[in-house]
Amino acid sequence: MLSERRLQVLRAIVHDYVGTEEPVGSKALTERHNLGVSPATVRNDMAALEDEGFIAQPHTSAGRIPTDKGYRLFVDKLAGVKPMTGPERRAIHSFLDGAVDLDDVVARTVRLLAQLTRQVAVVQYPSLTRSTVRHVELLSLAPARLMLVLITDTGRVEQRLVDCPAPFGESSLADLRARLNSRVAGRRFTDVPPLVEDLPEAFDVEDRGTVSTVLSTLLETLVEENEERLMIGGTANLTRFGHDFPLVIRPVLEALEEQVVLLKLLGEAGDSGMTVRIGHENAYEGLNSTSVVSVGYGSGGEAVAKLGVVGPTRMDYPGTMGAVRAVARYVGQILAES
């Protein structure tokens, strides 16, 4: 275990390096921070921190910079989550409040996160498997053609055309709509199939084929595999950090184009807690020089998806964690009210 003083020295090194982009020396630390000890003592503490792998000397200059291990200790033990100021909270609220639908909510969230953190923002669309049915609408387009509209609790809208085996009258359509919603509204997607399996038997023989076709279309919509969607923004922010990427920026950009990589980075959507992955903790090699801060969002206290940011390991962790958490809370409120 590091002594309290050495933890304070590490905190000061991280703070100064993130703020100045320059390796930090013992003289500068004692001048900028009230550590209560001499530069010689700070030098000894820095030597101990270096021996244990928390800081490193990037070149022959006297300064030191935090390692992935040093940032990890900083995040776990030393960094509180910086709260948003009143004006920042109001700005988040007014920016997200004008959203007209789920796509707009996600697009605004990406833009807002990228602007607040000056990093790359990634927002996952609410997952259908963790959603509940708000309403199923059935619309007649022609005597034997319907449109099925599925609306989820997160505001997601899925539309499907249904070609019926026989003409389907308006009274039968209204009956099916009412019976369907009485069984599935407010239910988790995964709970729906057994709730509707005997529904065709409630209809006349000539209508059962159409009812079965509608139900098949609904169930296919509920279990579609290609459901994980992402939106990404602020990639240009990476160009501000050219010197933070030891080789070239291309591997980072290539990784950000891989949706599967990003979904793994954000973590399991059902986990609503804050996750910070630093440097080599990211399994994908192209992202070894980055950190990822993510958190779940959703309505009613349950996470339905994740959002977060990707940036260099030399990141303002308290500020980034505060922004990501605040935006996730506001998006959750919007989904709950929509």
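Residues numbered from 1 in each chain as written. Predicted model: local features only at pLDDT ≥ 70, side-chain atom pairs only at ≥ 80, totals over all residues. Heavy atoms only, no water.

Visitor: Is there a simple way to think about the sheet that holds strand E5 (residues 145-152) in this case?
Guide: The three strands are arranged E4-E5-E6 in an open sheet whose pairing can be described as antiparallel. Pairing within the sheet leaves two strands with one partner each, and these edge strands are strand E4 (133-142) and strand E6 (157-163). Strand-to-strand, the axes of this sheet are offset by a mean angle of 20 degrees, without reference to chain direction. The sheet contact formed by E5 and E6 spans seven bridges and is antiparallel. Note on E6: the bridge partner recorded for Met147 is Leu161. Contacts between helix H7 (residues 170-184) and the sheet are confined to E4 and E5, with E4 contributing the most and set at about 165 degrees to the helix. (Pairing = 2+ DSSP bridges. Helix = DSSP H or I, 4+ residues; strand = E, 2+ residues; numbered from the N terminus. Axes fitted to C-alpha atoms, helices over the stretch in contact; angles between N-to-C directions. Contact = heavy atoms within 4.5 Å.)

Visitor: Would you mind showing me how to read the sheet that holds strand E9 (residues 290-297) here?
Guide: Backbone-to-backbone hydrogen bonds join strands into a sheet, with any given pair of strands oriented parallel or antiparallel. The five strands are arranged E7-E3-E10-E9-E8 in an open sheet whose pairing can be described as antiparallel. Strand pairing shows two members of the sheet lacking a second neighbour, strand E7 (230-233) and strand E8 (275-278), which therefore form its edges. Here the strands of the sheet are splayed against their neighbours by 15 degrees on average, with no regard to which way each runs. For E9 and strand E10 (residues 305-312), the ladder comprises eight bridges, and the chain directions are antiparallel. Bridge pairing in E10 links Gly296 to Lys306. On the sheet, helix H6 (residues 102-117) packs against strand E3 (120-124), E7 and E10 and is oriented at approximately 35 degrees with respect to E7.

Visitor: Help me out: how do you make sense of the domain arrangement of the protein chain in this one?
Guide: Interface size is commonly expressed as the accessible area that is lost once the parts come together. Domain annotation for the protein chain reports domain 1 (2-75), domain 2 (84-125 + 227-335) and domain 3 (127-222). The centre of domain 1, based on its C-alpha atoms, is set 62 Å off from the matching centre of domain 3. (Domains from an automatic or database assignment.)

Visitor: Would you explain the packing of helix H5 (residues 86-97) against helix H12 (residues 317-337) in this entry?
Guide: Between two packed helices, the angle of one axis relative to the other and the distance separating the axes together describe the packing. Here H5 crosses H12 at 40 degrees, and the two axes come no closer than 10 Å. Comparing their axes, H12 and H5 come out oblique. The two elements H5 and H12 cross, and the hand of that crossing is right-handed. Together, Arg89, Ile92, His93, Leu96 and Asp97 of H5 and Ala326, Val327, Tyr330, Val331, Gln333 and Ile334 of H12 make up the contact between the two elements. The residue inventory of the contact of H5 with H12, partitioned by class, reads seven nonpolar, two polar and two charged. (Parallel < 35°, antiparallel > 145°, perpendicular 65-115°, else oblique. Left-handed = near helix turned anticlockwise from the far one by under 90°. Nonpolar A, V, L, I, M, F, W, Y, C, P; charged D, E, K, R; others polar.)

Visitor: Is there a simple way to explain the pairing of E4 in this structure?
Guide: Put simply, side chains in a regular strand alternate between the two faces of the sheet. Examined bridge by bridge, E4 and E5 share eight bridges and lie antiparallel to one another. For Glu137, the partnering residue across the bridge sits in E5 and is Val149. Here E4 hands over to E5 after two residues, the two strands then running antiparallel side by side.

Visitor: Explanation requested: the nonpolar core in the structure shown.
Guide: As a rule of thumb, nonpolar side chains are buried together in soluble globular proteins. Among the nonpolar cores identified, the biggest contains 58 residues, and Leu29, Leu307 and Tyr317 are the most heavily contacted of them. In terms of residue count, the dominant contributor to this core is H12 (eleven residues). Residue-level mapping places this core at the junction of two domains, with at least three residues from each of domain 1 (2-75) and domain 2 (84-125 + 227-335). One finds Val133, Leu148, Cys164 and Val192 within the second-largest nonpolar core, a separate group that totals 23 residues. (Core = buried A, V, L, I, M, F, W, Y, C linked by side-chain atoms within 4.5 Å. Buried < 20%, exposed > 50% of the residue type's maximum accessible area, 1.4 Å probe, protein only.)

Visitor: I keep staring at unusual backbone geometry and nothing clicks. Help me out?
Guide: Glycine aside, negative phi is the norm for most residues, and most peptide bonds take the trans geometry. Backbone geometry places Glu21, a non-glycine residue, at a positive phi of 65 degrees. Residue placement: Glu21 occurs in the loop between helix H1 (4-20) and helix H2 (26-32). Of note in this structure, Arg118 is not a glycine but carries a positive phi near 55 degrees. Along the chain, Arg118 turns up in the loop between H6 and E3.

Visitor: So what exactly am I meant to see when it comes to the pattern of salt bridges here?
Guide: Once the charged atoms of two side chains with opposite charge are near each other, the side chains can pair. Applying the stated criterion across every chain yields a total of 15 salt bridges. With a shortest N-O distance of 2.9 Å, Arg6 and Asp45 are connected by a salt bridge. Here the residue Arg6 occupies a position in helix H1, and Asp45 occupies one in helix H3 (residues 39-51), the gap between them amounting to 39 residues. The exposure class of Asp45 is buried, given its relative accessible area of 0%. Between Arg72 and Glu281 there is a salt bridge, and its shortest N-O distance comes to 2.6 Å. Placement of the pair is Arg72 in helix H4 (residues 68-78) and Glu281 in the loop between E8 and E9, with a sequence separation of 209 residues. Here the salt bridges share partners, and the residues they tie into one network are Arg5, Arg6 and Asp45. (Salt bridge = Lys/Arg side-chain N within 4 Å of Asp/Glu carboxyl O.)

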